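Chains, contacts and geometry: an overview
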Amino acid sequence: MARFSSFIVLAIALVSSTTAFPAYQSLGGLSQRQIDSIMPGLKAVKPKDPPPPLKDNGTKLVNDAKHPWKPLRDGDKRGPCPGLNTLASHGWLPRDGVATPQQIIAASQEGFNFESQIARRFTYSSHLIDGNLVTDLLSIGAKTDKTGPDPPAPANPGGLNLHGAIEGDASMTRGDAYWGDNWHFNETQFSELLEFMDKYGDGLYNYKVAGEFRYQRIQESIATNPEFNFTGGRFFAAYIETVVGANLFSDGRRNDSQVPADAARGFFQDSRMPDDFHRAARPFSTEGVEVVIGAHPFSPGRNVNGINTYTIDPNSPTFESDPDGCAQYEMFVNEAVVPLYPNPTGVLRRNLKINLQHYFDTFGGKCKQLFPYGRDH
Ligand code: HEM
Ligand SMILES: *[C@@H]1O[C@H](CO)[C@@H](O)[C@H](O)[C@H]1NC(C)=O
Ligand SMILES: *[C@@H]1O[C@H](CO)[C@@H](O)[C@H](O)[C@H]1NC(C)=O
Ligand SMILES: *[C@@H]1O[C@H](CO)[C@@H](O)[C@H](O)[C@H]1NC(C)=O
Ligand SMILES: *[C@@H]1O[C@H](CO)[C@@H](O)[C@H](O)[C@H]1NC(C)=O
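Residues numbered from 1 in each chain as written. Chains lettered and ligands numbered in written order. Predicted model: local features only at pLDDT ≥ 70, side-chain atom pairs only at ≥ 80, totals over all residues. Heavy atoms only, no water.

The protein chain is annotated in an unreviewed UniProt entry as Heme haloperoxidase family profile domain-containing protein of Agaricus bisporus var. burnettii. Turning to the protein chain, the UniProt record has this under Cofactor (unreviewed entry): "heme b". Turning to the protein chain, the UniProt record has this under Sequence similarities (unreviewed entry): "Belongs to the chloroperoxidase family." (UniProt positions renumbered as here; feature names shortened; annotations may be inferred.)

Encoded structure:
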């Protein structure tokens, strides 16, 4: 509560002071009056189309002379995604951690061989919630030279760190937002992951380890986080992220979606590729997710009344009920995006439509498109 009220006080102070509004910060949830006062300080940009899939899509050296790991500088931003953190610390993304969706998709493809459709889906959904849709910039997290986020601000102080439709509970190596830090590497959690690698993966991280550890982290959140929420998009992302780690943190010359423990620590903790790291042997999407969910079939839900009150939410989609993702798409547009932007105008409205179109394009034409802001753009 104390945190929340000081947040509001500082938020009001920021909007009414002359402090420049960060170009990468989300405008979601702001009033028209606030947006009107911020707009003159922002450079409006028309988003470019996403880059195409890789033509040359095999493995190659990506920890190369042009992309050396470098330590963080004051002000550099990192967040809950070890993949994007690593791309920034190797200069595949701007090292300060602020990028356009085009840069994030290109870097994920080039640097890791992330498959185009899923790279676009992750990126546009994140940008719609956490990015600045006027400047077309998204921060992958918050400043790293302090334990907390950037100075509290009206909407989203820390890019991808914002807890909600994108960042969620029961992450493998990051804590739940309920405890106040949902984005720093947590050594206690990683130590437990190492134990699971020894027990289930002969010292490697792989689908089998992911299946066991995913379930373990869920059980821990049920038992300790009174506000544990594992519904909506989080349910899917929590499973998918575990296999993205196996598929893309595995050296492409192995081509077996297994990751040695020291390499895993490098990515998760230090945003660092091993020396001589080669990206995956081909583009990877969600391969292996059926193994992870199959290890411990589980349903979306949340703790409805404190710890150990996990209750299945029958309205929240699952891999079985929503194979094409249309329910996720509708839920995301209607329940996450529109409430943040109930009545946008001008460039903001145009760019919302462009980004929503790019997001919709990742559903392969199988879903009915929604037009909350009209069809033209
Ligand atoms: C394409 C753009 C991407 C976006 C927008 C994105 C975003 C995110 C976000 C917001 C989270 C935090 C979710 C949470 O645990 O609450 C996350 C987690 C994760 N991401 Fe990414 N990601 C992207 C690409 C990648 C890539 C290329 C990799 C691997 C090379 C990757 C690997 C992971 C892993 C393993 C986690 C789980 C971390 C954990 O549970 O400790 N992501 N990502
Ligand atoms: C749980 O998360 C979903 C998806 O992000 C969100 O729509 C919902 O409001 C959250 N529920 C609670 C009780 O916080
Ligand atoms: C890391 O996670 C453990 C277990 O959930 C928790 O007790 C601890 O406070 C966390 N550490 C930090 C530094 O947040
Ligand atoms: C990678 O492994 C798969 C089987 O899992 C195989 O079909 C493919 O040819 C391999 N690719 C390379 C480049 O070795
Ligand atoms: C990789 O590139 C080859 C050759 O252009 C193409 O046939 C194949 O479909 C691509 N693989 C993926 C998964 O995109």
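Look at helix 4 (residues 101-112) against helix 5 (residues 116-130): their axes get within 9 Å of each other, and the N-to-C directions meet at 145 degrees. Two packed elements cross with a definite hand, and for helix 4 against helix 5 that hand is right-handed. Contacts between helix 4 and helix 5 involve Pro101, Gln102, Ile104, Ile105 and Gln109 from the former and Ser116, Ala119, Arg120, Thr123, Tyr124 and His127 from the latter. (Axes fitted to C-alpha atoms, helices over the stretch in contact; angles between N-to-C directions. Helix = DSSP H or I, 4+ residues; strand = E, 2+ residues; numbered from the N terminus. Left-handed = near helix turned anticlockwise from the far one by under 90°. Contact = heavy atoms within 4.5 Å.)

Quick look at the sheet that holds strand 9 (residues 310-312) now. If you trace the three strands from one edge of the open sheet to the other, you get 6-8-9, paired in antiparallel fashion. Of all the strands in the sheet, the pair left with one neighbour each is strand 6 (229-230) and strand 9. Of the strand pairs in this sheet, strand 8 (residues 301-303) and strand 9 are connected by three bridges, and their pairing is antiparallel. In the strand pairing of strand 9, Gly301 is matched with Ile312. (Pairing = 2+ DSSP bridges.)

A few words on the nonpolar core. Judged by nonpolar contacts, the single largest core of 84 residues is most densely connected at Leu27, Tyr205, Phe230 and Tyr239. Excluding its chain neighbours within four sequence positions, the residues that come into contact with Tyr205 are Met172, Leu193, Met197, Ala210, Thr242, Gly245, Ala246, Ser257, Gln258 and Val259. (Core = buried A, V, L, I, M, F, W, Y, C linked by side-chain atoms within 4.5 Å. Buried < 20%, exposed > 50% of the residue type's maximum accessible area, 1.4 Å probe, protein only.)

We now examine the state of the cysteines. Under the counting rule described, the total for this entry stands at one disulfide. Here Cys326 engages in a disulfide with Cys367; their sulfurs sit 2.1 Å apart. Of note, the bridge from Cys326 to Cys367 carries an S-S torsion of about -85 degrees and is left-handed in sense. Of this pair, Cys326 sits in helix 11 (residues 326-340) while Cys367 sits in the segment after helix 12 (346-360), and the two are 41 residues apart along the sequence. Each of the two residues, Cys326 as well as Cys367, counts as buried. (Disulfide = S-S within 2.5 Å.)

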